[in-house]
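Structural characterization, general
One-letter residues, chain by chain:
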Amino acid sequence: MQLTKKQKMLERLKQFTMMDDDFMTRIFEDDKVLTQFMLNTILGRKNIWVIEEISQKVVKNLLGRSVRLDVFARDERGRPYDIEIQRADKGAGAKRARYYSALMDADETVPNMEPEKLPESYVIFITQNDIFKKGLPIYHIERVVKECDKPFNDKMHILYVNGKYRGDNQIGWLMHDFNCRNARDMKNKILADKVRYLKEADKGVKYMCKIMEDFAKEEREEANIETAVKLLKAGDMTEARVQEFFNFTEKQMKAVKEKLTEIKK
């Protein structure tokens, strides 16, 4: 028997783990306590108090190119955190980490601000694989003065959390939970309760189905925009014809033109 659209969504929801960035961001969305728990666990602390949490925060560079941060948080001392889920090794490269860190710095600055006022910052990648292949739970990236073998102390921190790690400790339990499909199999109750709500409670399931519908619509729109850009670049269609064919709004056409301009540069 062929599954209905709703049944397909429910089956897909059952398969989600927190290693799926879309599901992970819903877990921590508007939940300062849960975000606080994750940061304290990863950083081995007990004194981080989250005062702001934004899932899928859009950050732009000076040229207007935007990046979505999976989970953005700020603590009571003003320190910003970006937590990224990366299933593919190439998505957690050194230059991507550098780029995200630079965008966070740019987002923190205001006119006439002294560079010394930049807050301490953290970019945290939770990776599907052990990309450094040393079997460690966490890898800390810090700048050093090579000739002196001393910390550069620029207060920029990059961490990689090994999603394959299963040690009998807090990081091991956290990574175990990040890879669980069922709440009943999870070790941390605070995470299990949220997963159970989104996968089993009526309100949570309805919310996730709505999110999946929105994502599917957004993916279709992005695919149409990419196709439109290719058609315009090749000269196969005029702008007027593209807008008519795809039934684009003025906002969507603006996105098409911006992408086309970027390609031509």
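What comes next is a walk through the structure.

Cut-off values and rules
Residues numbered from 1 in each chain as written. Predicted model: local features only at pLDDT ≥ 70, side-chain atom pairs only at ≥ 80, totals over all residues. Heavy atoms only, no water. Axes fitted to C-alpha atoms, helices over the stretch in contact; angles between N-to-C directions. Helix = DSSP H or I, 4+ residues; strand = E, 2+ residues; numbered from the N terminus. Parallel < 35°, antiparallel > 145°, perpendicular 65-115°, else oblique. Left-handed = near helix turned anticlockwise from the far one by under 90°. Contact = heavy atoms within 4.5 Å. Nonpolar A, V, L, I, M, F, W, Y, C, P; charged D, E, K, R; others polar. Patch = residues over 30% accessible without salt bridge, like charges linked within 9 Å, V, L, I, M, F, W, Y side chains within 5 Å. Areas by Shrake-Rupley, 256 points an atom, 1.4 Å probe, with all protein chains shown as cover. Salt bridge = Lys/Arg side-chain N within 4 Å of Asp/Glu carboxyl O. Lys, Arg positive; Asp, Glu negative; His and termini not counted. Charge placed at Lys NZ, Arg CZ, Asp CG, Glu CD. Buried < 20%, exposed > 50% of the residue type's maximum accessible area, 1.4 Å probe, protein only.

**What to know about the packing of helix α2 (residues 21-28) against helix α6 (residues 189-200)**
Put simply, α2 and α6 touch, their axes get as near as 10 Å, and they point 110° apart. Taken together, the axes of α2 and α6 lie roughly perpendicular to each other. Once α2 is placed against α6, the crossing between them reads as right-handed. Judged by residue contacts, Phe23, Arg26, Ile27 and Phe28 of α2 engage Leu191, Lys194, Val195, Leu198 and Lys199 from α6. Residues belonging to the contact of α2 with α6 are distributed by class as follows: 6 nonpolar, no polar and 3 charged.

**Overview of a negative patch on the surface**
On the surface, a cluster of negative charge is made up of Glu218, Glu219, Glu221 and Glu222. Looking at the element boundaries, glutamate 222 is found in helix α7 (residues 202-234).

**Some remarks on unusual backbone geometry**
In this structure, aspartate 30 is a non-glycine residue whose phi angle is positive, near 55°. Structurally, the position occupied by aspartate 30 is in the loop between α2 and α3 (32-43). What makes aspartate 30 exposed here is its relative accessible area of 66%. In this structure, lysine 133 is a non-glycine residue whose phi angle is positive, near 55°.

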